[in-house]
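Now for the letters of each chain:
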Amino acid sequence: VFDGVMTDCEAQINGRRCGYLHQGAFYTFKSDVSERIFFGDKEKVLEVKVSKESANASVNLAERRADYWNFGGISRPVYVEALPAQFIDRTAIDADADGSFYTDVFLGVAMGSNTKVVAELTDINGKAIGKSIETPINGGTDKAIVKGKFDNIKNWTPETPNLYYVTFSLVQNGKVLHKVKERFGFRTIEVKESDGIYVNGQKISVRGVNRHSFRPETGRTLNKQANYDDVKLIKEMNMNAVRLSHYPSDPDFLDACDELGLYVMVELAGWHGK
């Protein structure tokens, strides 16, 4: 797994290619290296080739000709992720202020019969909230929709950044195959034309600042402390929002915004020309 490489990136393990050419500096990308890495191996050599210029003209305009300092190379963590044969690949959570809960659960492979996804909600201290939600998976599909409603929940706002955990378990024939745990908040965001932005039914005033992911000492490579320090500084300046200019941030920064209370406008690195 590569969390961020600028710009075009190719990788090999012991001289054998793993994955394909990746373009785009600020996005996590993965390669399946199941046939390259085995438990018990004494040594594997990972070689990464990073091109200063992209072969894609649009990527160059967005990332190499943009209005910020350029720092080429591997800027975010690189690591090996071990998963079972049947696994939860990713989730997309939509939790509203009234306690309504909806999640798309994307699976790594299509599942057979007698399979279900179980969702269990807890507060930030681990106390169970409501009943678990069980969703059967029809044989041959690689996606489950988990939905329900929880009572007496506390909403997320920048002033009251209440958070919850949800654990998704992939279960087949009574056996848990894989678990993932996500942190999130219940909130409803509405944009009303010619009026403004409403959060949990309350009209808000957005007061924020642009933010780049870099430091003079480390370039684009930031640790968790640096990301949290930026959010604390923005909060100390009496702001409630941040715009990521002009690319997605490190995951740690988004975690800090959730935890400490900041609205986030995420920009995607791209260039729209004639």
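Remember, it's a predicted structure, so these values are computed and weren't measured experimentally.

Thresholds, definitions, all that
Residues numbered from 1 in each chain as written. Predicted model: local features only at pLDDT ≥ 70, side-chain atom pairs only at ≥ 80, totals over all residues. Heavy atoms only, no water. Helix = DSSP H or I, 4+ residues; strand = E, 2+ residues; numbered from the N terminus. Buried < 20%, exposed > 50% of the residue type's maximum accessible area, 1.4 Å probe, protein only. Contact = heavy atoms within 4.5 Å. Areas by Shrake-Rupley, 256 points an atom, 1.4 Å probe, with all protein chains shown as cover. Lys, Arg positive; Asp, Glu negative; His and termini not counted. Charge placed at Lys NZ, Arg CZ, Asp CG, Glu CD. Pairing = 2+ DSSP bridges. Axes fitted to C-alpha atoms, helices over the stretch in contact; angles between N-to-C directions. Right-handed = clockwise from strand over helix to strand, strands pointing away. Salt bridge = Lys/Arg side-chain N within 4 Å of Asp/Glu carboxyl O. Phe/Tyr/Trp six-rings, centres within 6.5 Å; stacked < 30°, edge-to-face > 60°. Polar contact = N/O pair within 3.5 Å; in protein donor to acceptor, adjacent residues only side chain to side chain.

Undergrad: Break down the overall build of the chain for me, with residues and values.
TA: Across its full length, the chain carries three helices and 18 strands. For the chain, the spread of C-alpha atoms along the three principal axes comes to 55 × 50 × 40 Å. Every one of the 274 residues in the chain was classed for burial, and the buried ones make up 37%. Here the contacts in the chain between residues at least 6 apart in sequence split such that 62% fall between residues at least 24 apart. Here the chain has roughly 16,200 Å² of accessible surface; of this, 49% comes from carbon and sulfur atoms. Considering the chain, the positive charge centre built from 35 side chains and the negative charge centre built from 37 side chains are found 1 Å apart.

Undergrad: Run through the sheet that holds strand β10 (residues 143–149), naming residues and quoting values.
TA: Reading across from one edge, β6-β7-β10 is the order of the three strands in this open sheet, with antiparallel pairing throughout. A single partner strand is all that each edge strand has here, and the edge strands are β6 (88–95) and β10. Averaged over all adjacent pairs, the angle separating strand axes in this sheet is 15°, with direction ignored. Looking at chain direction, strand β7 (residues 100–107) and β10 are connected through seven bridges and run antiparallel.

Undergrad: Now, about the pairing of strand β16 (residues 208–211): what can you tell me, with residues and values included?
TA: On a regular strand, one side chain projects to one face of the sheet and the next to the other, so that they alternate. Pairing geometry for β16 and strand β17 (residues 241–244), over four bridges, is parallel. Looking across to β17, one finds that asparagine 210 is bridged to arginine 243. With respect to chirality, the unit in which β16 leads through helix α2 (residues 224–236) into the neighbouring parallel β17 is right-handed.

Undergrad: Mind laying out the pattern of salt bridges, listing which residues take part and the relevant values?
TA: For side chains bearing opposite charge, pairing can occur when the charged atoms are close. Scanning the model with the defined rule gives ten salt bridges in all. For the salt bridge of glutamate 53 with arginine 65, the shortest nitrogen-to-oxygen distance reads 3.0 Å. Separated by twelve residues along the polypeptide, glutamate 53 in the loop between β4 (46–51) and α1 (57–64) and arginine 65 in the loop between α1 and β5 (73–74) bring together distant segments of the chain. Arginine 65 gets classed as partly exposed once you look at its relative accessible area, which sits at 49%. Between aspartate 230 and arginine 211 there is a salt bridge whose closest N-O contact spans 2.9 Å. With aspartate 230 in helix α2 and arginine 211 in strand β16, this residue pair connects regions lying 19 residues apart in the sequence.

Undergrad: How would you summarise the environment of serine 31 if you had to cite specific residues and measurements?
TA: If you trace the backbone, serine 31 turns up in the loop between β3 (16–17) and β4. Here the alpha-carbon distance between serine 31 and proline 251, two residues 220 residues apart in the chain, equals 19 Å.

Undergrad: Explain the sheet that holds β4 to me, using residue names and the numbers behind them.
TA: Note: strands within a sheet are paired through backbone hydrogen bonds, in either parallel or antiparallel orientation. Here we have three strands laid out as an open sheet, ordered β3-β2-β4, and antiparallel in their pairing. Strands at the two margins of the open sheet, each flanked by one partner only, are β3 and β4.

Undergrad: Before we move on, can you summarise the packing of aromatic side chains with the specific residues and values?
TA: How two aromatic rings sit relative to each other is given by the distance of their centres and the angle of their planes. Evaluated as defined, the whole model comprises 13 aromatic pairs. Centroid distance tryptophan 69 to phenylalanine 214: 5.1 Å. Interplanar angle 20°. Geometry classified as stacked. Here tryptophan 69, found in the loop between α1 and β5, pairs with phenylalanine 214, found in the loop between β16 and α2; they are 145 residues apart in sequence, far enough to count as distant. A ring pair is formed by phenylalanine 101 and phenylalanine 150, whose centres lie 5.9 Å apart and whose planes are at 80°; its orientation type is edge-to-face.

Undergrad: Describe the environment of glutamate 267, listing the residues and the values that go with them.
TA: Mapped onto the secondary structure, glutamate 267 falls in the segment after β18 (263–266). The class for glutamate 267 is partly exposed, based on a relative accessible area of 21%. Here the alpha-carbon distance between glutamate 267 and threonine 160, two residues 107 residues apart in the chain, equals 25 Å. If we ignore the near neighbours within four places in the chain, the residues touching glutamate 267 are Arg243, Leu244, Ser245, His246, Tyr247 and Pro248. One polar contact links glutamate 267 to arginine 243, side chain to side chain, over a distance of 2.9 Å. Engagement of the side chain of glutamate 267 in a polar contact is seen with the side chain of histidine 246, the distance being 2.8 Å.

That is the geometry; function is a separate question.
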